[in-house]
Amino acid sequence: MKKFVNGKKIDVDVIGGFEIEELGKKYVVCSYDDEPTSDEQLVMIFEIENIDGVENLVSIKSEEKELVLKFYNSYKQALLGGENNE
């Protein structure tokens, strides 16, 4: 699906998302390739910013990155059933 990523319209594949209530923000985990000739894709976490009804995916503010990554890693472990997901 086409989304605006830091103001640039890019085709992204949404993998999942989550919300951090204490920040009052929503985030999306997605993969995308902004270089059509590249054979690699990036997997990124972006904040969802809604401007006039248009969802724009923006980079996470540096002062919030540590909290977002801790939340994401905890969320991921819970989904996978903890550290031992055998």
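Predicted model only: the values in this text are computed from it and were never measured.

Asks: What's the story with the pairing of strand β5 (residues 54–58) in this structure? I'm lost.
Replies: A regular strand places its side chains on the two faces of the sheet in alternate fashion. Here strand β1 (residues 2–5) runs beside β5; their pairing, made up of 2 bridges, is parallel. Bridge assignment links Phe4 to a residue of β5, and that residue is Asn56. Inspection of the sheet shows strand β4 (residues 42–51) paired to β5 by 5 bridges, in the antiparallel sense. When the sheet's bridge partners are listed, Ile51 is paired in β5 with Val54. Connecting β4 to the next strand, β5, in antiparallel fashion are 2 residues, including Asp52 with a positive phi near 55 degrees.

Asks: Which parts of the structure should I look at to understand the pairing of β4?
Replies: Taken together, the 6 bridges between strand β3 (residues 25–32) and β4 define a ladder with antiparallel strand orientation. Note on β4: the bridge partner recorded for Tyr27 is Glu47.

Asks: I'm lost on the packing of aromatic side chains in this one. Help?
Replies: Two measures describe an aromatic ring pair: the distance that separates the ring centres and the angle between the ring planes. This structure, assessed with the given rule, holds 5 aromatic pairs. Taking the centre distance of 5.3 Å and the plane angle of 25 degrees together, the rings of Phe18 and Phe71 count as stacked. Of this pair, Phe18 sits in strand β2 (residues 8–20) while Phe71 sits in helix α1 (residues 65–80), and the two are 53 residues apart along the sequence. According to the relative accessible area criterion, Phe18 is buried, its value standing at 8%. For Phe71, a relative accessible area of 32% corresponds to the partly exposed category.

Asks: When you look at the side chain of Ser31 in this model, what are you seeing that I'm missing?
Replies: With respect to the secondary-structure elements, Ser31 resides in strand β3. Accessibility expressed as a relative area gives 9% for Ser31, which makes it buried. With residues near it in sequence (within four places) discarded, Ser31 still touches Val12, Asp13, Ile15, Gln41, Leu42 and Val43.

Asks: Would you mind going over α1 with me for this structure?
Replies: Helix length check: α1 (16 residues) gives 22 Å between terminal C-alpha atoms against 22 Å at 1.5 Å per residue, within 8%. Gly81 lies just past α1 and shows a positive phi near 85 degrees.

Asks: Looking at this structure, I do not really get the confidence of the model for the protein chain. What am I missing?
Replies: Detailed reading of the predicted coordinates is not advisable wherever pLDDT falls low. For the protein chain, per-residue confidence averages 85 on the pLDDT scale, and 91% of positions sit at 70 or higher. For the protein chain, β1 is the element with the lowest average pLDDT, namely 81, and β3 is the one with the highest, namely 91.

Asks: I would appreciate a short explanation of the environment of Gly24 in the present structure.
Replies: Inspection of the secondary structure assignment puts Gly24 in the loop between β2 and β3. Remark: the alpha-carbon pair of Gly24 and Gln41, spanning 17 residues in sequence, is separated by 29 Å.

How each quantity is defined
- Residues numbered from 1 in each chain as written.
- Predicted model: local features only at pLDDT ≥ 70, side-chain atom pairs only at ≥ 80, totals over all residues.
- Heavy atoms only, no water.
- Pairing = 2+ DSSP bridges.
- Helix = DSSP H or I, 4+ residues; strand = E, 2+ residues; numbered from the N terminus.
- Phe/Tyr/Trp six-rings, centres within 6.5 Å; stacked < 30°, edge-to-face > 60°.
- Buried < 20%, exposed > 50% of the residue type's maximum accessible area, 1.4 Å probe, protein only.
- Contact = heavy atoms within 4.5 Å.
- Expected span 1.5 Å × (residues − 1).
- pLDDT = per-residue confidence, 0-100.

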